[in-house]
Number of protein chains: 2
Amino acid sequence: MNAEILSVGTELLLGGTVNTDARDISLALAELGVNVYWHTVVGDNPARLTECIYRARNRADLIITTGGLGPTCDDLTKQTLARAFDRKLYLNEDALADIREYFAERGRSFTDNNLRQAYLPEGSIMLPNDCGTAPGCILEDGPVRVVMLPGPPRECVTMLRNHVMPYLQKLSGAVIRSHMIRFFGIGESAMETRLRSFMDGANPTVAPYSREGECWVRVTAKGANEAECEALMAPVIEDICDKMGDLVYGIDCASLEERVLQLLQEKNTSLAVAESCTGGLLAQRITDIPGASAHFLGGVVTYTEDAKVRLLDMDEDLIAENGVVSMPVAAKMAKRVRKALGSDIGVGITGWAGPDGDDVGLVFVALASRGGCFVRRLQCGHAPRPRIRLIAASNALDMIRRYLTGLDV
Amino acid sequence: MNAEILSVGTELLLGGTVNTDARDISLALAELGVNVYWHTVVGDNPARLTECIYRARNRADLIITTGGLGPTCDDLTKQTLARAFDRKLYLNEDALADIREYFAERGRSFTDNNLRQAYLPEGSIMLPNDCGTAPGCILEDGPVRVVMLPGPPRECVTMLRNHVMPYLQKLSGAVIRSHMIRFFGIGESAMETRLRSFMDGANPTVAPYSREGECWVRVTAKGANEAECEALMAPVIEDICDKMGDLVYGIDCASLEERVLQLLQEKNTSLAVAESCTGGLLAQRITDIPGASAHFLGGVVTYTEDAKVRLLDMDEDLIAENGVVSMPVAAKMAKRVRKALGSDIGVGITGWAGPDGDDVGLVFVALASRGGCFVRRLQCGHAPRPRIRLIAASNALDMIRRYLTGLDV
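All values derive from a computational prediction rather than experimental measurement. (Residues numbered from 1 in each chain as written. Chains lettered and ligands numbered in written order. Predicted model: local features only at pLDDT ≥ 70, side-chain atom pairs only at ≥ 80, totals over all residues. Heavy atoms only, no water.)

Enquirer: I'd like a description of the pattern of salt bridges, backed by residues and values.
Expert: Residues and elements named next belong to chain A. With the rule as written, the count across this model stands at 34 salt bridges over all chains. Note that Asp 141 is salt-bridged to Arg 87, the shortest N-O span being 3.4 Å. Placement of the pair is Asp 141 in strand 7 (residues 136–141) and Arg 87 in the loop between helix 4 (77–84) and strand 4 (89–91), with a sequence separation of 54 residues. Across the pair Asp 398 and Arg 401 runs a salt bridge, and its minimum N-O distance is 2.8 Å. Taken together, the residues span about one helical turn, with Asp 398 and Arg 401 both in helix 15 (residues 385–404) at a distance of three residues. Accessibility expressed as a relative area gives 2% for Arg 401, which makes it buried. Residues joined by salt bridges that share partners form a network here, namely Asp 246, Arg 376, Asp 398, Arg 401 and Arg 402. (Salt bridge = Lys/Arg side-chain N within 4 Å of Asp/Glu carboxyl O. Helix = DSSP H or I, 4+ residues; strand = E, 2+ residues; numbered from the N terminus. Buried < 20%, exposed > 50% of the residue type's maximum accessible area, 1.4 Å probe, protein only.)

Enquirer: Run through the packing of aromatic side chains, naming residues and quoting values.
Expert: Counted under the stated rule, the structure contains ten aromatic pairs over all chains. Between the aromatic rings of Tyr37(B) and Trp38(B), the centroid separation amounts to 5.7 Å while the plane-to-plane angle is 85°, which identifies the pairing as edge-to-face. Ring centres 5.8 Å apart and planes at 75° place the aromatic pair Tyr102(B) and Phe103(B) in the edge-to-face group. Given the relative accessible area of 16%, Tyr102(B) is considered buried. One aromatic cluster is present, built from ring pairs that chain together Tyr102(A), Phe103(A) and Phe110(A). It is Arg48(A) that lies over the ring of Tyr37(B); its NZ or CZ is 3.6 Å from the centre. Over the ring of Phe85(A) we find Arg57(A); its NZ or CZ atom is 4.9 Å from the centre of that ring. (Phe/Tyr/Trp six-rings, centres within 6.5 Å; stacked < 30°, edge-to-face > 60°. Lys NZ or Arg CZ within 6 Å of the ring centre and 35° of its normal.)

Function cannot be read off these values alone, since they describe shape.
See the structure below:
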């Protein structure tokens, strides 16, 4: 099945919004083994939208639109698509009831504009919106299927996961399952070189992904049922993990930080962090995950030398003798924040995030435990400031997960 | 001039990367008064890329491609476009010299793959890459202009700003200038209603933008020269600022945090922050800005009650009597972190970011100065966790900018 994602919204063309919906839908379709061959973005313009729909219909089996389902006069997706597929719009009573309930729950008043949102193309399947007012729908027209989703990312992704993916799963006949193996400590090119032989597989398939400082592979199998898919994937996953060893930080976890919190939970270990150049980024990433407070006690952002002295009782002489960006300073920050918060492990990060500084990209990350202290020296080179901070925080998380899984830190 | 942005890269269609290039190029073209009517994303596939180029050429005056200029065998943009426009590729000596120098500076070796990057279509204008190896180019074909940019966002945006925008400015004959007026404390719909009459203007134009918790308008004028543009915009900007009053937090600043750092600098005021539910996000946003350490001393992430006691010497009884999410606790956090870091102003944030908690979305943000303490109560409602944290941090920044500009906090 080939798919095109068609995002509707002038705000996307003005550069006001970045198109995360297309990325999220692509990730989801990849899990189902659906090939996405085009992303198109068009404005709130019926003529151009119609042109795009005709083209999509000629080249894709599955068209997923986002946006244009709202209550304002700019919201034109349903009318335009209904006309393109020669369908009338009718008032869907279930959709209407959902919208009334949404407003009642929030003590807000329902307007005529919101009434428009309950109109759907004839013959379409209504998709409930579990976090907003606009229902989506699926319109089937011969061999072509058109799924209309709301634009706001949370509404779009929720409707996609809750209602569209089950529909697509049923269509494919076969069952498709996948697992994501996640690596830290290797670059994308090197990973693809090492796993080259796996990437030619037909079933399961192995596809590479990369993001700042990390990379991963999705292993996808197609079978008659879930057990068959798992049986096909298991040996491939085992072989990949053997080949990549310590570089594997997790399977199917959403991020390094999520993996770290899982491990802190499993090992009943508490954590505190002391950050200088990362300025709160490490704590923010950890606390992004609900339930972090069970094991993350808190931390300090000691952005100046004086702050290090005041909050961590650091010795000014130590800083003067070694330089603020040095191994002894990182180690002391980690040990002191552990004491200050009373945690099992402490992390300290000090470095030059740039663009100014003696040695931009030089960062020391330390992990202190009851048993001792480990320090990692990073040289991030001529990278932009946000990247240096991200790499430093990710390395801290990697050191924690290695420590908690008994690997060399 | 109508433009299409054509992004080349299978990783975009797999959902591995989100297309920030299209957003950044759209923002830049909007500054120049160029209409972007389409974004298209296609994979590393010559046939589909050719089809997309032919369509773009028929409907747009300006085509900006991103991606596919790298050294691997998947990088096909130049060859495919050269073929579509019936041009040969030739070795550009300046490009070759630049690439050699890039590798020499970094002590890395140059390979044959990198040599491919120095080949450009006949008759095209070479665009130097100030942060990577792949030069871009501009190919002019009758009424159509094709700009080829690298995919990696930093390389793309740098080449666009340094080399493409001056080229486009010259083309347009007229000079176009714009200013961005930024608001905090009003929603997008309300802003558009208040500024309705301005949005119908022809020169200058006024276009609305919104992002999580903020909104802004871009005022754009076209004239014979820069002074004429500024003269056209000045009364409109003044009227908008009059109408929006305190809600205006800055003009042409990149963010609330950037504005706050400017003001801390102007007023020679130092800042420290104590965060609970925002978990480091406020400190991270502030320290994202280079030079933050001149006025941002640091902070604490007191994620548990015990951390509040240990790091801020908070009174357990105060927490017990009022609840950890309360006005007195927020105020005390702000006062205590001010003392602990020795800063002029301190901020304290305590709230329920969810999804668990007594009253999800309830947040107290406090600002303590020598003169007193201000506390703002927020109710973010049924918003997702990341949004509640973001709104809380943004409100803290808004309180600081109001305090520093002598407004009601």
